[in-house]
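Close look at the chain arrangement
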Amino acid sequence: MLSAMSMQAQEEVFSKYTEMGDISTFTVSRASLEKLPLDQIDVPGLKNIIDRINMMTVLVSMGDNAGKKLGTKLPGQIAGKGFETKLKTKKDGKDITVLQSKKDPNKVVIVVYQKPKAVAVYMKGEFCDVDLENYGE
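These notes cover the structure that comes with them. (Residues numbered from 1 in each chain as written. Predicted model: local features only at pLDDT ≥ 70, side-chain atom pairs only at ≥ 80, totals over all residues. Heavy atoms only, no water.)

**Considering the overall build of the protein**
Broken down by element type, the protein carries 4 helices and 6 strands. Long-range pairs, those at least 24 residues apart, make up 61% of the contacts in the protein between residues at least 6 apart in sequence. (Helix = DSSP H or I, 4+ residues; strand = E, 2+ residues; numbered from the N terminus. Contact = heavy atoms within 4.5 Å.)

Below you can see the structure in the form of C-alpha cells.
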C-alpha cells in the first residue's frame, strides 16, 4: 500500500509535466525497447542499461520554458517523493542527474538538461545492483 502511494506520488509529478503543452511523452514496454532509436532520445549511458529496463516513460521538452522546468525543477520534486540523488554531473555540456527510489531501488529517474532542451526518463527494471554513482561512464 505504501509503495503504491509513493509510486502514485512520483507518477503524479511526471503527469504534471505531461500536461504541459510543450512536452512530448511516450511510454515504452520491454517488448518495444529493441525498436527504440536510443540515439534520438539523447540520454548518455541509456544503451548500457537497456537490457535491465522493463518499462520506461520518456518526457522530452519542446520549448525553452518546459526545458528549464523539466531540467531544473523535476530532480528536486522527484527527490521530495522519496528518490535519492545518486549522480549529479556535467558531461558534454549536459547536466545529468540520476535518482533512485529509496523504497524500491528498481525505480530510477534520469534527467538530462542542456539548455534549452531537457529529457527525463522514468524507468522500472532490475537496478538493485547497478552502480548508478558511475552511470554513463
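That shown, we press on.
**Focus: the side chain of threonine 57**
Relative to the helices and strands, threonine 57 resides in strand E2 (residues 53-61). The contact partners of threonine 57, leaving out residues within four places of it in the chain, are Phe14, Thr25, Phe26, Thr27, Ala120, Val121 and Tyr122.

**Digging into the nonpolar core**
Membership of the largest hydrophobic core comes to 24 residues, with the highest contact counts inside it found for Val43, Leu46, Ile49, Met56, Ile110 and Met123. In this structure, isoleucine 49 is in contact with Ile110, Met123, Phe127, Val130 and Tyr135, ignoring residues within four places of it in sequence. By size, the runner-up hydrophobic cluster in this structure holds 18 residues, among which are Leu99, Tyr113, Ala118 and Tyr122. (Core = buried A, V, L, I, M, F, W, Y, C linked by side-chain atoms within 4.5 Å. Buried < 20%, exposed > 50% of the residue type's maximum accessible area, 1.4 Å probe, protein only.)

**Quick look at the pattern of salt bridges**
Using the criterion set out here, one finds 3 salt bridges in the structure. Ionic pairing is found between lysine 86 and glutamate 84, a salt bridge with its closest N-O pair at 3.7 Å. Given the relative accessible area of 36%, glutamate 84 is considered partly exposed. For aspartate 95, the salt bridge identified is with lysine 90, shortest N-O distance 3.0 Å. Take aspartate 95: its relative accessible area is 31%, and that puts it in the partly exposed class. (Salt bridge = Lys/Arg side-chain N within 4 Å of Asp/Glu carboxyl O.)

**Notes on a positive patch on the surface**
Taken together, the side chains of Lys16, Lys68, Lys69, Lys73, Lys81 and Lys115 define a basic patch exposed on the protein surface. In terms of residue count, the dominant contributor to the positive patch is helix H4 (residues 64-79) (3 residues). Examined against the element boundaries, lysine 73 turns out to sit in helix H4. Owing to a relative accessible area of 47%, lysine 73 belongs among the partly exposed residues under this scheme. (Patch = residues over 30% accessible without salt bridge, like charges linked within 9 Å, V, L, I, M, F, W, Y side chains within 5 Å. Areas by Shrake-Rupley, 256 points an atom, 1.4 Å probe, with all protein chains shown as cover. Lys, Arg positive; Asp, Glu negative; His and termini not counted. Charge placed at Lys NZ, Arg CZ, Asp CG, Glu CD.)

**A word on the sheet that holds strand E4 (residues 94-101)**
Taken in spatial order, the 6 strands line up as E1-E2-E6-E5-E4-E3 in an open sheet, and their pairing is antiparallel. A single partner strand is all that each edge strand has here, and the edge strands are strand E1 (23-29) and strand E3 (83-91). With strand direction ignored, the average angle separating the axes of adjacent strands in the sheet is 15 degrees. Looking at chain direction, E1 and E2 are connected through 7 bridges and run antiparallel. Bridge pairing in E2 places serine 29 opposite methionine 55. Contacting E1, E2, E3, E4, strand E5 (107-114) and strand E6 (117-125), H4 runs over the sheet at an angle of about 150 degrees to E5. (Pairing = 2+ DSSP bridges. Axes fitted to C-alpha atoms, helices over the stretch in contact; angles between N-to-C directions.)

Treat this as a map of the structure, not an account of what it does.
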